[in-house]
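Observations on chain architecture
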Amino acid sequence: MKKKIWISLAAGILAGATVLTGIGFALWGSSVSSSGTASASGNWAVSLTGADLRISSIGAQATPFETDPEDGYAFYNPGTPTTDYSLYNLGSAVSPVKSNPDLALGEKTDTLIKDRMNISGTSSVRPWLFAIDTTRYSWDDIEACWNKPDALNAIKYDETSINLDENMYLYNQIGSGRDGYIQIANLFLEDATELVAQMHPDTYQNYMIVKLTDDKHGYSPTSCKIAAVMPGKTESLVTYTQDTATFAPVAFSVPDAWAAYTLTVTNNGTVDAYLADIEFTFDAEKNAQQIAIETPDLSEEVLAPGESCTLIVVVKAHDDGSQNLDAAGQLTMKLPYEQVTVETAPKAGHAHN
């Protein structure tokens, strides 16, 4: 059996993405024992293990695309000097001052964070934790509320903000060990992520958790801190999995500008994989004469088990004498990875000598 790998490359003034799909193969070998039973083993699996995009320093511009964080969205403590509200302090703020010996470490109590009391039970100790949408209010906005309680309260009680004190419960802490408080802080961040995602499913990736002052005081550096943030999107020129590569769009503005698309494929199987009959098709939306394609010669390429092959396709802006670079197109590259050809099996039968 054989299947094909399809790769789409886009280049030009309005270039598009590159996609590699359809990887996943099995090639079965067999052996026959003297007892007449047969077993089959072996496989041929080619996967994408690398991808890169390089462009000329002059005349080519790639537009990065945004990608979600690799491990998904979840609150974490940034741990930087400007946001020094440590996990230890956060754990202290969301655990009772007096633990319950009948509950395990980190187990939720039935007491809201806002009702956290001191040991004597005479006063409330409230950390005032809020989840703030950073697309509406930045930390700079909070710092601008120095001695302005009304301005700070407007941020705290904005319709997009979440008062975590009134929506989350304390976590039991046994003893006063630092590791215990850190464990509680991590439990709190996990539950806070779930809460914010439930209340604002379309925008929860934008939030940070902050500790703010009470309603009678404005911002101050000693009482207002960032406790946790969500990881933001990252900018990339290329992303890939074992069967898909996506490249950022590239725009050419002068002749001879270029973009080099690199793909690395690896034979993860147990038999040779042959690369032959590579095909390139270019669909020009405008003037195809202004875009030149340079492709590698892969007709004799063989991938042994565990071996990799790096393919480079270069797209260039070409000067056709018109003095007006105005072209766009889509390049499709089809790479048929062919397995070893097995000779035709003899027909079953019998013969008398």
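Structure's up top.
Read on for an overview of the structure. (Residues numbered from 1 in each chain as written. Predicted model: local features only at pLDDT ≥ 70, side-chain atom pairs only at ≥ 80, totals over all residues. Heavy atoms only, no water.)

**Observations regarding the overall build of the protein**
Going by this rule: Only runs of H or I of at least four residues qualify as helices and only runs of E of at least two qualify as strands under DSSP, and these elements are numbered from the N terminus. Here, two residues are considered to be in contact whenever any of their heavy atoms come within 4.5 Å of each other.
Within the protein, the secondary structure is distributed over 4 helices and 25 strands. Residue pairs at least 24 apart in sequence account for 77% of intrachain contacts in the protein once pairs closer than 6 positions are excluded.

**Re the side chain of threonine 193**
Within the secondary structure layout, threonine 193 lies in helix 4 (residues 178-199). In this structure threonine 193 touches Tyr73, Ala74, Phe75 and Met230, once residues within four positions along its chain are discounted.

**Some details on the sheet that holds strand 10 (residues 162-163)**
Short version of the rule: Only when DSSP finds a minimum of two bridges between them are two strands counted as paired. Between N-to-C directions, angles span 0 to 180 degrees; the directions come from axes that are lines fitted to C-alpha atoms, helices contributing only their stretch in contact.
A sheet is described by the order of its strands in space; here 4 strands give the open sequence 10-9-12-13, paired in antiparallel fashion. Of all strands in the sheet, those bounded by a partner on one side alone are strand 10 and strand 13 (225-229). Here helix 4 sits on the sheet and contacts strand 9 (129-133), strand 10, strand 12 (207-211) and strand 13; the angle it forms with strand 12, its principal contact strand, is near 125°.

**Things to note about the environment of glycine 218**
Operational definition: The buried label applies to any residue whose accessible area, calculated with a 1.4 Å probe on protein chains only, is under 20% of its type's maximum; exposed applies above 50%, and partly exposed to all values in between.
With respect to the helices and strands, glycine 218 occurs in the loop between strand 12 and strand 13. Here glycine 218 falls in the buried class, since its relative accessible area comes to 9%. Along the backbone, glycine 218 and alanine 151 are 67 residues apart, and their C-alpha atoms lie at a distance of 7.6 Å.

**Brief notes about the packing of aromatic side chains**
This is how it is decided: In summary, the pairing rule links any two rings of Phe, Tyr or Trp, Trp by its six-membered ring, whose centres are within 6.5 Å, and it sorts them by plane angle into stacked for under 30 degrees, edge-to-face for over 60 and tilted for everything else. Charge-over-ring placement is defined geometrically: NZ (Lys) or CZ (Arg) within 6 Å of the ring centre, and within 35 degrees of the ring normal.
If you walk through the whole model with that rule in mind, you get 6 aromatic pairs. Here the aromatic rings of tyrosine 73 and tyrosine 204 are separated by 6.1 Å at their centres, their planes lie at 75°, and the arrangement is edge-to-face. With tyrosine 73 in the loop between strand 7 (65-67) and helix 1 (87-93) and tyrosine 204 in the loop between helix 4 and strand 12, the pair connects residues that are 131 residues apart, well separated along the chain. Neither tyrosine 73 nor tyrosine 204 differs from the other in exposure class; each is buried. Judged by centre distance (6.3 Å) and plane angle (5°), the rings of tryptophan 128 and phenylalanine 130 are stacked. Each of the two residues, tryptophan 128 as well as phenylalanine 130, counts as buried. An aromatic cluster is present here, built from Trp128, Phe130 and Tyr157 joined pairwise through their rings. In this structure, lysine 156 packs its charged tip against the face of tryptophan 128, placed 4.8 Å from the ring centre.

**Let's talk about helix 3 (residues 149-156)**
Our working rule: To obtain the arc, one takes the directions from the helix axis to the C-beta atoms.
Every buried residue belonging to helix 3 is among Leu152, Asn153, Ile155 and Lys156, and all of these are buried. One side of helix 3 carries all its buried residues, which in axial view fall inside an arc of 155°. Of the surrounding elements, those touching the buried residues of helix 3 are strand 9 and helix 2 (139-143).

**Regarding the pattern of salt bridges**
What counts is decided by this rule: In the sections that follow, a salt bridge refers to a side-chain nitrogen of Lys or Arg positioned within 4 Å of a carboxyl oxygen of Asp or Glu.
With the rule as written, the count across this model stands at 5 salt bridges. With a closest N to O distance of 3.0 Å, aspartate 215 and lysine 156 form a salt bridge. With a gap of 59 residues between them, aspartate 215 in the loop between strand 12 and strand 13 and lysine 156 in helix 3 connect regions that are remote in the sequence. Owing to a relative accessible area of 33%, aspartate 215 belongs among the partly exposed residues under this scheme. Classification of lysine 156 by relative accessible area gives buried; the value is 1%. The salt bridge involving glutamate 294 is made with lysine 316; its shortest N-O contact spans 3.2 Å.

**Some thoughts on the pairing of strand 18 (residues 258-267)**
A large share of strand 18 lies buried, amounting to 9 of its 10 residues. Direction of pairing for strand 5 (residues 46-55) relative to strand 18: antiparallel, over a ladder of 9 bridges. Across the sheet, residue leucine 48 finds its bridge partner in strand 18, namely valine 265. Pairing between strand 18 and strand 23 (residues 308-317): 9 bridges, direction antiparallel. Bridge pairing links tryptophan 258 to lysine 316 in strand 23.

**Quick notes on unusual backbone geometry**
With a phi angle near 55°, asparagine 147 is a residue other than glycine that sits in the positive phi range. Mapped onto the fold, asparagine 147 is located in the loop between helix 2 and helix 3. Given the relative accessible area of 59%, asparagine 147 is considered exposed. Phi at aspartate 256 is positive, roughly 75°, even though this residue is not glycine. Examined against the element boundaries, aspartate 256 turns out to sit in the loop between strand 17 (250-252) and strand 18. Residue classification places aspartate 256 among the exposed residues on the basis of a relative accessible area of 58%.

**Thoughts on helix 4**
Here is the rule we go by: Any helix carries an expected span of 1.5 Å times its number of residues minus one.
Look at helix 4: 31 Å from first C-alpha to last across 22 residues, which is about the 32 Å you get at 1.5 Å a residue. Looking at helix 4, one finds that the buried residues are Gly180, Tyr181, Ile184, Ala185, Phe188, Leu189, Ala192, Thr193, Leu195 and Val196. For helix 4, the elements touching its buried residues are helix 1, strand 9, strand 10, strand 11 (169-171), strand 12 and strand 13.

**Describing the sheet that holds strand 18**
Ordered by their spatial adjacency, 4 strands build an open sheet running 5-18-23-21, and the pairing between neighbours is antiparallel. Two strands in the sheet have a free side with no partner beyond their single neighbour: strand 5 and strand 21 (291-294). Taken over all neighbouring pairs, the strand axes of this sheet differ in orientation by 15° on average, direction set aside. The sheet contact formed by strand 21 and strand 23 spans 4 bridges and is antiparallel. Opposite glutamate 294, over in strand 23, you have valine 314 as the bridge partner.

In short, shape yes, function no, at least from these values alone.
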